[in-house]
Each structure stands twice: as C-alpha cells, then as structure tokens.
Amino acid sequence: NSVFAHIARGPEDPILGVTVAYNKDPSPVKLNLGVGAYRTEEGKPLVLNVVRKAEHMLVNDRSRVKEYLPIVGLADFNKLSAKLIFGADSPVIRENRITTVQCLSGTGSLRVGGEFLAKHYHQRTIYIPLPTWGNHPKVFTLAGLSVKTYRYYDPATRGLNFQGLMEDLGSAPSGAIILLHACAHNPTGVDPTPQQWEQIRRLMRSKALMPFFDSAYQGFASGSLDEDAQPVRMFAADGGELLVAQSYAKNMGLYGERVGALSIVCKDADVAGRVESQLKLVIRPMYSNPPIHGASIVAAILKDGNLYNEWTIELKAMADRIISMRKQLFDALRARGTPGDWSHIIKQIGMFTFTGLNSEQVAFMTREYHIYMTSDGRISMAGLSSKSVPHLADAIHAAVT
Ligand code: PMP
C-alpha cells in the first residue's frame, strides 16, 4: 500500500486546465481561446524572426559556454530590461538607485518580489485587483503575504470601476502593497486612462502605498513599448520607491524560455545595493540561479540597434493582428444581430476580451461548439483568426439567444 494512498486528486489549473480539456477533444473545429498565447492567422505558435536570428548568433558563437549565471542572472540582460521598462534616460537608472534581477519569467519575478517584501517590508498585505490573473493570489499567499482585493472592474459598464478603486485604495492601511497591471489588464482588458493613473499615483504616494507593477504585456497593448510603459514611468518619475515584474513571454514570444526580471527602485544607490544582497538570499535557496539561454536571446536583441528595431516591428504586427481580431469579432456579432452591446470587444485592449459571458454560457459553447475558454468568459483574442471568427460569433450568438 502506497504511503501516498490518502492523497486526493487536485484540481486542474483553471487556465492551463482549459488546454488539457482542449487537447482531449477530437473535433476538427475545436478552438482554444483559454491560455494567453499568440497564434498566427494560421492558428500556429509564432517564433519571432528576430528571435531566430539572435539564437543563430548565439549558437554560432563558440566562445559561449554553459557555466552557471550569477544568482541575479545575466548582467547585460538586467541592465537592458531596466532600460526597456523605465526608459533609457530614466533618473532611476542614471542615479543607480535600482536593482534588477533576472527571474523565471513574470511569475518567478512576482514570487521573488513577494518573498522579499514578506521578509523585509513593514507591511505584509498586498491588494490585488478584482478580478485579476488567477495565479496572483496563489503566488503572493505562498510568498508569505496576506492577500486582499480592491475593486477594479464594473460588470455593468464592462469598464473600470474607478470610484470603487479609489475608495478601496483610500481605505487601505498606510504602506500596504498594491499590485497594479502595468497595461493590458488580465482578464478584463480594461486599463485606467493616463489622467486616472495620475490620480491613482497621487493617492498612493500620499498614503505611502507601495506600487508593485506586473508588466506582462509591454508593447502588446498599444503596439508601442514606450506607451505601454507610461504608468510605470509615471511612478518612477516622482522619486518614490516601487517594484516591477517584467515578462518576455508575450512581447518576445519566449513563453517556454521563462525569461523575466524583477526591478526594485529605491531611494538611493546604497539602499538598492543592500536590497540586491537580500534578493540573492531569497533566490539562492529557491533555484540557485536562472537559466542562461532565453536571457541571452533577449540581451542580444535589446543591445543591437537593428535587432531591436526589427523586434518593435514584429511586436507591432502581433498587437495589430489582435486589434484587427477585435474588430472582426465585433462586426461578426453585429452582422448576426446578436442581442447586447458588444462595443467592449473593441474598447478593451491587450490579449484578452472579457466577454461578459457567464459560466453556463461558456460551458454551452464548449459543449456545442468545441470552443475552449476560462469559465469567467475571458477569451484570448490572440488565439483567434479570420477563419475562426465566424465560428466563435455563431457560438456567442447561440449562447446568448
Ligand atoms: N502576470 C499576468 C497578468 C499574466 O497574464 C501573466 C501570463 N499569463 C503573467 C503575469 C506571467 O506569465 P509568465 O510567468 O509566463 O511570464
């Protein structure tokens, strides 16, 4: 008899479990709109041309070896990642009051940041938006933080509940950590306007709330890396402290390479150095040091002017294709006379549309149309193509009528 015999089967992950169910479905018309991974018009995963080029360079460079990276990762990668999110002329970089460590994609960066805060920051409560990416509460709870929510989405308008957000941040205890999606909020596709960001910033700074940005989609929302980084740069420009977790999964299509970075902006260079020494003590017992290949790809692209330009063009093309899918789906529903106001499909930004479909309607679409999505009605626009839009529109129409 196994000593593990008492163990109950755990539930599938609510997002990755959608792919598990999709893979089991033999239907030729099946469509996976669950996981947020970019697909081409042909429905295929995309490796960016610029990534292929960088990999080619790396493979042909015989001087490259497979030694361990330092605990904090590849130095060039860290510097260039900070430059990417804060901007080349950022005072936080010029004044050297930032520490950046390479982590295992966005998730790993959030986890390392969370554990650092749980160990060394005076406030152990983190407020996350309602709703948010399903992994956030788990990552931060296991990091040792206590998780609370602030109002974010208003189902009635399918937009931002700005008043609720400001009230909840306003009544959070001084010093509390606030998780902010830097752009392309997941799952709602709803972001504050620049004016609203400014009001959020002022309120947070006046109460010494600590911003922890999750930047998983830089360049994917608007197609511009600089524009999507504006909220982070706005907070960095005021001289205050903050954390940001970056992921290269979506914007460079490096999902499985697990490349990301955690930056902590501090008041001065001396504090930043001490913070980095403590980040090393968080990372060492967790996984010793991060993997070398993906970070080398990113560094090669970010440091070469030509490759960088090529990347921005490929990134813009991905963002534009997603925006065009929004338009096509919206038009297809209008053409069918599907009841309801579907303008949120074109108003929301980033990888996802938060359709407003409920879990029964989602289950119906999966059962009758073989369309797979998370039960909260979120669909990945990046998984759609001109060919699959009519099928999805038929399914939504049938689900709501
Ligand atoms: N944050 C958000 C909001 C996300 O949507 C994701 C990816 N789905 C991540 C973080 C982290 O992804 P990864 O670990 O693959 O970079």
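Residues numbered from 1 in each chain as written. Predicted model: local features only at pLDDT ≥ 70, side-chain atom pairs only at ≥ 80, totals over all residues.

**As for the site of the ligand**
Stated precisely, the cut-off is as follows: Defining nearness, a residue is near a molecule or strand when the C-beta atom obtained from its backbone falls within 6 Å of it. The helix and strand labels rest on DSSP assignments: H or I over at least four residues marks a helix, E over at least two residues marks a strand, and numbering proceeds from the N terminus. Only Asp, Glu, Lys and Arg are considered charged, only Ala, Val, Leu, Ile, Met, Phe, Trp, Tyr, Cys and Pro nonpolar, and every remaining residue, Gly among them, polar.
Taken together, Gly36, Ser105, Gly106, Thr107, Trp133, His181, Asn186, Asp214, Ala216, Ser247, Ala249 and Gly260 form the complete shell of residues around the ligand. Here the element with the most residues in the shell around the ligand is helix α5 (residues 105-120); it accounts for three residues. Grouping the amino acids of the shell around the ligand by side-chain chemistry returns three nonpolar, eight polar and one charged.

**Topic: the UniProt feature "domain: Aminotransferase class I/classII large" (unreviewed entry) in the protein chain**
The cut-off we apply is this: UniProt positions are given in the numbering used here, feature names are shortened, and annotations may be inferred rather than shown by experiment.
Here, the residues flagged by UniProt with the feature "domain: Aminotransferase class I/classII large" (unreviewed entry) are residues 30-396. Structurally, residues 30-396 comprises 47% helix and 16% strand, and the distance from its first C-alpha atom to its last is 15 Å.

**Description of the pairing of strand β2 (residues 98-104)**
Consecutive residues of a regular strand have side chains that alternate between opposite faces of the sheet. The line we're drawing: In this scheme every C-beta is placed from the backbone, and a residue whose C-beta has 20 or more other C-beta atoms within 10 Å is buried, one with 12 or fewer is exposed, and one in between is partly exposed. One bridge is not enough; two strands pair if DSSP finds at least two bridges between them.
The element β2 is extensively covered by neighbouring structure, given that seven of its seven residues are classed as buried. Across seven bridges, β2 lies against strand β10 (residues 259-265) in antiparallel orientation. Of the residues in β10, the one forming a bridge with Cys103 is Gly260.

**Thoughts on the pairing of β10**
Extensive coverage of β10 is indicated by the burial of seven of its seven residues. Neither face of β10 is open: one carries Val259, Ala261, Ser263 and Val265, the other Gly260, Leu262 and Ile264, and all of them are buried. Pairing of strand β9 (residues 242-247) with β10, which is carried by six bridges, proceeds in the antiparallel orientation. Paired with Ser247 across the two strands is Gly260, which belongs to β10.

**Structural notes on the environment of Leu243**
For clarity, the cut-off: Two residues qualify as a contact pair if the distance between their C-beta atoms, derived from the backbone, is within 7 Å.
Relative to the elements of secondary structure, Leu243 occurs in strand β9. The class for Leu243 is buried, based on 24 C-beta atoms found within 10 Å. Counting along the chain gives 50 residues from Leu243 to His293, while the straight-line C-alpha distance between them is 25 Å. When sequence neighbours within four positions are dropped, the list of residues in contact with Leu243 reads Gly113, Phe212, Phe213, Leu262, Ser263 and Ile264.

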